[in-house]
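# Coordinates in review
These are the residues of each chain, in order.
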Amino acid sequence: MNQHAEMTEAADAAARTVAHVDASQLAQPTPCTDWDVRTLLNHLIVWTSYSLEARAKGESVGQDVIDRDFAADPGFAADYRAQLDRALTAWSDPVTWEGSLNVMGSPTPAAEVAALNIAEMVLHGWDLAAATGQAYAVDEPAAAAALRAVEANAELFRQYQGFAEPVPVPGSASVLDRVLALSGRDPGWKPATGA
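Residues numbered from 1 in each chain as written. Predicted model: local features only at pLDDT ≥ 70, side-chain atom pairs only at ≥ 80, totals over all residues. Heavy atoms only, no water.

Here we take up the overall build of the protein. Along its length, the protein carries 7 helices and 2 strands. Across the protein, helices and strands are ordered from the amino to the carboxyl terminus as α-α-α-α-β-β-α-α-α. Relative to its full complement of 195 residues, the protein shows a buried share of 47%. Pairs at least 24 residues apart make up 69% of the contacts formed inside the protein by residues separated by at least 6 positions. For the protein, the accessible area works out to roughly 9,500 Å², and carbon and sulfur atoms hold 53% of it. If the 12 positive side-chain charges of the protein are averaged to one point and the 26 negative ones to another, these points end up 1 Å apart. (Helix = DSSP H or I, 4+ residues; strand = E, 2+ residues; numbered from the N terminus. Buried < 20%, exposed > 50% of the residue type's maximum accessible area, 1.4 Å probe, protein only. Contact = heavy atoms within 4.5 Å. Areas by Shrake-Rupley, 256 points an atom, 1.4 Å probe, with all protein chains shown as cover. Lys, Arg positive; Asp, Glu negative; His and termini not counted. Charge placed at Lys NZ, Arg CZ, Asp CG, Glu CD.)

Attention now goes to helix α1 (residues 4–19). The terminal C-alpha atoms of α1, which comprises 16 residues, lie 22 Å apart, in line with the 22 Å expected from a rise of 1.5 Å per residue. Those residues of α1 that sit buried are E6, M7, E9, A10, A11, A13, A14, A15, T17 and V18. Those residues of α1 hidden inside the fold are in contact with α2 (37–56), α4 (76–90), α5 (110–131) and α6 (140–159). (Expected span 1.5 Å × (residues − 1).)

Note on placement: T30 falls in the loop between α1 and α2. From its side chain, T30 meets the backbone oxygen of W35 in a polar contact 2.9 Å long. For T30, the residues in contact, after removing those within four places along its chain, are W35, D36, V37, L40, A131 and W189. (Polar contact = N/O pair within 3.5 Å; in protein donor to acceptor, adjacent residues only side chain to side chain.)

Enumeration according to the criterion identifies 6 salt bridges in this entry. With a shortest N-O distance of 2.8 Å, D12 and R81 are connected by a salt bridge. Highlighted residues: D12 in helix α1 and R81 in helix α4, separated in sequence by 69 residues. Classification of R81 by relative accessible area gives partly exposed; the value is 25%. Between K57 and E53 there is a salt bridge, and its shortest N-O distance comes to 3.2 Å. E53 gets classed as buried once you look at its relative accessible area, which sits at 16%. The network of salt bridges with common partners includes D12, R81 and D85. (Salt bridge = Lys/Arg side-chain N within 4 Å of Asp/Glu carboxyl O.)

Purely geometric stuff here, so don't read any function into it on its own.
Structure, rendered in structure tokens:
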């Protein structure tokens, strides 16, 4: 299933969030308990823009990219937006969504790889917004795409400590709150007072 529109919306939401991160916030805690804002920001930049573009070409990013401290560059937000645009262009060809990509030595449907990246953008975009006191907004189709990816992979991710146990939410919860909760995130998370 081609979800380029949902990918574009999730990327735009992530870019808006990154654009409002201040260097003074880099040491603050995040909903990802082992990560501060700097670590989360670098993870988001690597996997949702550089890796996303590489995946569209059947490639992987090098260790030099994975280890780079993007947050140390004052222009990280503009650079991220530009790299996201390159990734979105790479996925704009419908042929890219067909067939399989090599992921960790296993053939994986390209559409599934893309869906997981949409979830990554939504979840970590929300994490970053929550950690830096921003309101996070993504349209319902993009949130629903993330929810489908999380529903399909949550139990596997929990086995590898990628997700915590689900958080209960009311039946009236938004699609975004449902995807957050299913991934083990508390939709009401706030930094500890004084953090």
